[in-house]
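Read off the chains here:
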Amino acid sequence: MVWLKRLIACSTALLIGAAGWLWLTMLSPWFYERPSHLPIIEERIHSVFVYGTLRYLPVRWVVMGSSGNPQPARLEGFKKQGLDLTPDAHRHVDGLRLTVTADQLLRLDRYERLGIRYERVKQTLADGSIAWVYLRLPAFSQLRNASPVQPVALVP
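Note that the structure is predicted; figures quoted are calculated from it, not measured. (Residues numbered from 1 in each chain as written. Predicted model: local features only at pLDDT ≥ 70, side-chain atom pairs only at ≥ 80, totals over all residues. Heavy atoms only, no water.)

A few points about the overall build of the protein chain
For step 1, the next point in the chain: Check the secondary structure of the protein chain and you find 4 helices and 5 strands.
For step 2, the next point in the chain: Taken from the N to the C terminus, the helices and strands of the protein chain come in the order α-β-α-β-β-α-β-β-α.
For step 3, the next point in the chain: Across the 156 residues in the protein chain, those meeting the buried criterion constitute 32%.
For step 4, the next point in the chain: Within the protein chain, contacts between residues separated by at least 24 positions form 64% of all contacts whose residues are at least 6 apart in sequence.
For step 5, the next point in the chain: With the model as given, the accessible surface of the protein chain reaches about 10,400 Å², and the carbon-plus-sulfur share is 64%. (Helix = DSSP H or I, 4+ residues; strand = E, 2+ residues; numbered from the N terminus. Buried < 20%, exposed > 50% of the residue type's maximum accessible area, 1.4 Å probe, protein only. Contact = heavy atoms within 4.5 Å. Areas by Shrake-Rupley, 256 points an atom, 1.4 Å probe, with all protein chains shown as cover.)

Structure (structure tokens):
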């Protein structure tokens, strides 16, 4: 019986820890300040193409408080490499087109760390509709792909 209580206690601690981490990284006012150079979001309905973690309903509910009315969508001319999209004229990426409010788009910007990790650009989807797409900023991709720093030999 002691092992069951320990299992429940450990499971509860892990669940609380995961929930706290999700809140801190995705929803809290800490750890992200929207860069001042970014334009103000228009108060209207927006379309967003998602291709990674935001394809999953629980993640969308945590991040933006809604399902976003997902519709299957395809982005031509790109290929997916991990969390990045890179141009490739002969490939495509399947994902979802979400319909979001300005407030939900602001929450997505926070999740994607707009202006720090990603930029949001308008792209034409395969069906001809226009949607925002989050693309990794070049500087962030270069840091992620950089080779380790080599030690410098000291000259006597």
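Following the structure, the description resumes.
So, the pattern of salt bridges
If the charged atoms of two oppositely charged side chains come close together, the side chains can form a pair.
For step 1, the next point in the chain: Scanning the model with the defined rule gives 6 salt bridges in all.
For step 2, the next point in the chain: The salt bridge involving arginine 34 is made with aspartate 109; its shortest N-O contact spans 2.9 Å. With arginine 34 in the loop between α1 (2-27) and β1 (46-50) and aspartate 109 in helix α3 (residues 102-112), this residue pair connects regions lying 75 residues apart in the sequence.
For step 3, the next point in the chain: By relative accessible area, which is 24% here, arginine 34 ends up partly exposed.
For step 4, the next point in the chain: With a closest N to O distance of 2.7 Å, arginine 136 and aspartate 84 form a salt bridge. Linking arginine 136 in strand β5 (residues 130-136) with aspartate 84 in strand β3 (residues 84-100), this pair joins segments that are 52 residues apart in sequence.
For step 5, the next point in the chain: Looking at arginine 136, the relative accessible area reads 10%, which means it is buried.
For step 6, the next point in the chain: Connected through salt bridges with shared partners, the residues Arg34, Asp109 and Arg120 form a single ionic network. (Salt bridge = Lys/Arg side-chain N within 4 Å of Asp/Glu carboxyl O.)

Points about the environment of threonine 86
For step 1, the next point in the chain: Considering the arrangement of structural elements, one finds threonine 86 in strand β3.
For step 2, the next point in the chain: For threonine 86, a relative accessible area of 21% gives the class partly exposed.
For step 3, the next point in the chain: Considering only alpha carbons, one finds threonine 86 and leucine 135, 49 residues apart in sequence, at a separation of 8.3 Å.
For step 4, the next point in the chain: Excluding anything up to four places from it in sequence, threonine 86 contacts Gly77, Phe78, Lys79 and Gln81.

Regarding the packing of aromatic side chains
Between two aromatic rings, the relevant description is the distance of the centres plus the angle of the planes.
For step 1, the next point in the chain: According to the stated counting rule, one finds 1 aromatic pair in the structure shown.
For step 2, the next point in the chain: On the basis of an interplanar angle of 25° and a centroid distance of 6.3 Å, the ring pair of phenylalanine 49 and tyrosine 51 is categorised as stacked. Comparing phenylalanine 49 with tyrosine 51, the two get one shared label, buried.
For step 3, the next point in the chain: When the ring centre of tryptophan 132 is taken as reference, the NZ or CZ atom of arginine 120 above it lies at 4.4 Å. (Phe/Tyr/Trp six-rings, centres within 6.5 Å; stacked < 30°, edge-to-face > 60°. Lys NZ or Arg CZ within 6 Å of the ring centre and 35° of its normal.)

Concerning the nonpolar core
For step 1, the next point in the chain: Counting 30 residues, the largest nonpolar core has Val48, Phe49, Leu85, Leu105 and Leu108 as the members making the most contacts within it.
For step 2, the next point in the chain: Within the residue set of this core, elements represented by two or more residues are β1, α2 (57-64), β2 (71-81), β3, α3 and β5.
For step 3, the next point in the chain: Once residues lying within four places of it in the same chain are set aside, the contact partners of valine 48 are Leu96, Arg97, Leu98, Val100, Leu105, Leu108, Ala131, Trp132 and Tyr134. (Core = buried A, V, L, I, M, F, W, Y, C linked by side-chain atoms within 4.5 Å.)

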